[in-house]
Amino acid sequence: MNELRSRAFLMLEGIGRSEGPGRVVDTFLVVLIITNVAAVILETVASLRTAYGQFFFGFELFSVAVFTVEYLVRLWVCVEERTDTKAIPWTTRIKYVLTPYALIDLFAILPFYLSFFVAVDLRFLRLFRLFRNRVSYSLS
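Residues numbered from 1 in each chain as written. Predicted model: local features only at pLDDT ≥ 70, side-chain atom pairs only at ≥ 80, totals over all residues. Heavy atoms only, no water.

Re a nonpolar patch on the surface
A cluster of nonpolar residues, Phe 107, Leu 110, Tyr 113, Leu 114, Phe 116, Phe 117 and Val 118, forms a patch on the protein surface that exposes about 690 Å² of accessible area. Here Val 118 lies in the loop between helix 5 (100-114) and helix 6 (128-139). According to the relative accessible area criterion, Val 118 is partly exposed, its value standing at 41%. (Patch = residues over 30% accessible without salt bridge, like charges linked within 9 Å, V, L, I, M, F, W, Y side chains within 5 Å. Areas by Shrake-Rupley, 256 points an atom, 1.4 Å probe, with all protein chains shown as cover. Salt bridge = Lys/Arg side-chain N within 4 Å of Asp/Glu carboxyl O. Helix = DSSP H or I, 4+ residues; strand = E, 2+ residues; numbered from the N terminus. Buried < 20%, exposed > 50% of the residue type's maximum accessible area, 1.4 Å probe, protein only.)

Shown next as structure tokens:
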């Protein structure tokens with residue numbers, strides 16, 4: 001299990017991002033973020049929302065599912081980056097959840113889940129993903 005977690009960590013956060021599967025995952029996520037921005041913009045046009053509402057909703061479901069899985073995988077693998085080898089995994093994960101990257105990811109997916117309880121359209125918060133990717137690429 002640790003080997004799988006280590007490989008997933010390298011693919012998402014480390015060396016493996018620049019080649020092979022890491023590159024594919026990175027490219028896929030960037031394309032998904034850009035298409036989400038386009039979808040949020042296009043959905044503001046009433047005629048497009050009427051004609052393609054089902055498509056926009058399906059695309060949102062797909063996107064939120066992918067971003068949720070990515071968030072959960074990052075939460076799972078964050079313990080691989082521990083500098084303190086004696087740290088307890090759950091404390092490392094709590095520290096990760098409070099990092100700017102993790103908060104941006106959470107703000108990007110949370111509106112979808114909140115919409116089940118609150119009747120407010122917060123989909124524009126998906127645009128936070130742009131900032132995360134922009135910062136991530138400028139730091140690499």
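A short note on the packing of aromatic side chains
Inspection of every chain in the model, using the stated rule, returns four aromatic pairs. Summarising the aromatic geometry, the rings of Phe 28 and Phe 62 are spaced 6.4 Å apart at their centres and angled 85° between planes, so their arrangement reads as edge-to-face. Of this pair, Phe 28 sits in helix 2 (residues 20-42) while Phe 62 is found in helix 3 (residues 46-77), placing the two residues 34 residues apart along the sequence. Here Phe 28 falls in the partly exposed class, since its relative accessible area comes to 38%. The rings of Phe 55, Phe 56 and Phe 59 are connected pair by pair, giving a single aromatic cluster. (Phe/Tyr/Trp six-rings, centres within 6.5 Å; stacked < 30°, edge-to-face > 60°.)

Things to note about the nonpolar core
With 14 residues, the main nonpolar core has Leu 32 and Phe 67 as its most contacted residues. Those elements that place two or more of their residues in this core are helix 2, helix 3 and helix 5. The leading source of residues in this core is helix 3, at five residues. If we skip the residues at most four places from it in the chain, Leu 32 touches Phe 59, Phe 62, Ser 63, Val 66 and Phe 67. (Core = buried A, V, L, I, M, F, W, Y, C linked by side-chain atoms within 4.5 Å. Contact = heavy atoms within 4.5 Å.)

Looking at the environment of Leu 32
Following the sequence through the fold, Leu 32 ends up in helix 2. The exposure class of Leu 32 is buried, given its relative accessible area of 3%. Sequence-wise, Leu 32 and Phe 62 are 30 residues apart; in three dimensions their C-alpha atoms are separated by 9.8 Å.

Brief notes about the confidence of the model for the protein
Should the pLDDT be low somewhere, the predicted coordinates at that spot are not to be read in detail. Taken residue by residue, the protein gives an average pLDDT of 81. The fraction at 70 or more is 77%. Ranking the helices and strands of the protein by mean pLDDT puts helix 3 first, with 94, and helix 6 last, with 48. pLDDT under 50 marks residues 133-140. Its contacts with residues more than four places away, or in other chains, come to 10 contacts. (pLDDT = per-residue confidence, 0-100.)

A few points about the packing of helix 3 against helix 5
The N-to-C vectors of helix 3 and helix 5 enclose an angle of 140°; their axes lie 10 Å apart at closest approach. Taken as axis vectors, helix 3 and helix 5 run oblique relative to one another. Helix 3 and helix 5 meet at a crossing whose hand is left-handed. Contact with helix 3, carried on its side by Glu 60, Leu 61, Val 64, Phe 67, Thr 68, Tyr 71 and Arg 74, involves Ala 102, Asp 105, Leu 106, Ile 109, Phe 112 and Tyr 113 of helix 5 and no other residues of that element. (Axes fitted to C-alpha atoms, helices over the stretch in contact; angles between N-to-C directions. Parallel < 35°, antiparallel > 145°, perpendicular 65-115°, else oblique. Left-handed = near helix turned anticlockwise from the far one by under 90°.)

Considering the pattern of salt bridges
Evaluation of the coordinates by the stated rule reveals two salt bridges. Ionic pairing is found between Arg 5 and Glu 80, a salt bridge with its closest N-O pair at 2.6 Å. Of the two residues, Arg 5 sits in helix 1 (residues 2-13) while Glu 80 sits in the loop between helix 3 and helix 4 (89-97), which places them 75 residues apart along the sequence. Residue Arg 5 is classed as buried on the basis of its relative accessible area, which comes to 13%. Of the charged contacts in the structure, one is a salt bridge between Glu 70 and Arg 74, with a shortest N-O distance of 2.8 Å. Placement of both Glu 70 and Arg 74 in helix 3 is noted, with a separation of four residues, approximately one turn of the helix. Like Glu 70, the residue Arg 74 is buried in the burial classification.

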